[in-house]
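Close look at the chain arrangement
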Amino acid sequence: MSMNVKIAIKKLRVAFSKNEVLKSVSVDVYKNTITGFMGPSGSGKSSLISVINRMIDFEEGAHIEGEVHIDGQNILDGGHDAVELRRRIGTVFAVPIPLPRSIYENIAYGPRLRGIRDRIMLHYIVEDGLKKAFLWDEVKDRLSMSALKLSGGQQQRLCLARTLALKPEIILLDEPCSGLDPISTAKIEDALSELKKDITIILVSNNTKQIARITDFSAFFYLGELIEYGTTEKLFTTPSMKKTEDYIQGKFG
Amino acid sequence: MRINPRFTNKFVQLGLNFQAFFTVGILVIIVAIICFKGFPYVNFEFIFAYPEDMGRLGGIFPSIAGTILLALLSILLATPLGVGTAIFLTEYTKESVFTKIIRFGVESLAGIPSILYGLFGFIFFVIKLKMGWSLLAGVLTITIMILPTIIRTSEEAIKAVPRNLRIVSYSLSATKWETVTKVVLPSAIPGILTGIMLSVGRAVGETAAVIFTMGSSLRLPTSLMDSGRTMAVHFYILAREGISMEKAYGTALVLVVSILLINVVAYYLMNKAISKYS
């Protein structure tokens, strides 16, 4: 199977003072697929994605070694523009965090930062984002309502729509469904399965069933090390490592 | 011996009620006395006429104008400076000896009695910089005086904005400045407005620092270099020198009503800001 590598992580090591959270991890993430990162808490999977979107810049005392190439360019290079990078890489966090303003203004926040002022254009972007996040039908009549009044599941889809409004090439989701009910979770999973036609998606999750349901590739992390990486089918049917098997079967985690 | 918890509960409730009523009661008594004593002398002429015979006759229009000018200009100067300092301290620096020194300075400034500001303003602005007793010297002095309040309240308001909102803004490709202006400041507006209102109150009610720097001329200040007097100064001089207690109470009433009005307007603006950003 020949596929384009979108993100190439090479010997990435991350430490906070003496505490090493990632130990020389190398992973290739393929273009327009969903790749699942799973592992018990403290396995380093969240730190890994915070390097990819450079949000780790805001953590104090983070020490990073290694390289992360996106389309062949090392984003950890001193000169790489992190602001532009975050336009190309959307992030959805574990807890939905709507900005304290209307639904419409939440989605329009990113495009406005990029200098889009045209109202018709903005309206199109907002509608498109909400549709792709499977939220449009629920909110189309109340776009000027405060986003804080939405339910948790709706807020998380709003966060996805807000990310989509920037037309990202990559979306990172850090346990996006951990606090959601099954119906909201299903809607987000459906949205992701549609989105992977144009977007490379990394899904961090503790929910192995979710990883098995919607990802094409999966990686299992344990205590800062990549234990196993391959197609999801392979990992969930014939894992090479005992640790992976135990984790998938719910023996620990 | 164990006190009956039901009794304690009742007792505390009663005590707290009493304390709340006590606070409101004092305000009501002060305002009532001023209204009662001042009301007969306040009319259209009192507000819009110029004073005559040292303030024994006529109105207080120049003092009203002087008060508004002093408070408005000081706030216009101190707000960007103070909010800017607060943004710098909270968003653009890490905690260090340098920020500790700034905070120490701000806190010390907040504790200085206003007459010392007046003395400083007199020596530095009025004499040294040859501004004379002028609106400008008054504005600069009051600006320095209210700056600590604005810095402290703005800093607290900015710190209270959840870190999550900043993180989300950055993740949506905002720069630091875009995050500060579009997410942090709008959420901090109610707190910042509180600081501004406290400062307006101080500027409007200040006498010592104003007499030393803006002087006490009864004329209407028409330029920054003109001397003038505020209502608080006018009231002080009328009462202190026994010129006219009637006019003094009239002035006090106008002063109190203006402060109440300012507070009402501020609450209105604050609620508007809160409803827009939540």
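Before reading on, note that the structure itself is shown above.
Here's what I pulled together on the structure shown here. Small disclaimer: the values here were computed from a predicted structure and weren't measured.

**Here we look at the sheet that holds strand β4 (residues 62-70) of chain A**
All names here are of chain A. What the 4 strands build is an open sheet, ordered β2-β1-β4-β5; its pairing is antiparallel. If you trace the sheet from one side to the other, it starts and ends with β2 (19-30) and β5 (73-74), each paired once. As paired strands, strand β1 (residues 5-16) and β2 are joined by 8 bridges and run antiparallel to one another. Looking across to β2, one finds that Leu-12 is bridged to Val-25.

**Details of the interface of chain B and chain A**
With 15 residues of chain B in contact, the opposing surface of chain A contributes 18 residues. The set of elements that each furnish at least two residues to the side of chain B that touches chain A consists of α7 (163-171) and α8 (176-205) of chain B. For the side of chain B that touches chain A, a count of residues per class yields 8 nonpolar, 6 polar and 1 charged.

**Observations concerning the environment of Gly-250 of chain A**
For Gly-250 of chain A, the position within the fold is in the segment after α10 (242-248). As a C-alpha pair, Gly-250 of chain A and Thr-208 of chain A span 42 residues in sequence and 8.6 Å in three-dimensional space.

**Digging into the pairing of strand β7 (residues 170-174) of chain A**
Residues and elements named next belong to chain A. Burial runs high along β7: 5 of the 5 residues are buried. Every second residue of β7 is oriented toward a common face, with Ile-170, Leu-172 and Asp-174 on one face and Ile-171 and Leu-173 on the other, all of them buried. Sheet topology places β7 next to strand β8 (residues 200-205); 5 bridges connect them, and they run parallel. Bridge assignment links Ile-170 to a residue of β8, and that residue is Thr-200. You can see the chain leave β7, run along helix α7 (residues 182-195) and come back into β8, and the turn it takes is right-handed.

Reading the values: the criteria
Residues numbered from 1 in each chain as written. Chains lettered and ligands numbered in written order. Predicted model: local features only at pLDDT ≥ 70, side-chain atom pairs only at ≥ 80, totals over all residues. Pairing = 2+ DSSP bridges. Helix = DSSP H or I, 4+ residues; strand = E, 2+ residues; numbered from the N terminus. Contact = placed C-beta atoms within 7 Å. Nonpolar A, V, L, I, M, F, W, Y, C, P; charged D, E, K, R; others polar. Buried ≥ 20, exposed ≤ 12 C-beta atoms within 10 Å, placed from the backbone. Right-handed = clockwise from strand over helix to strand, strands pointing away.

Taken by themselves, the reported measurements are silent on function.
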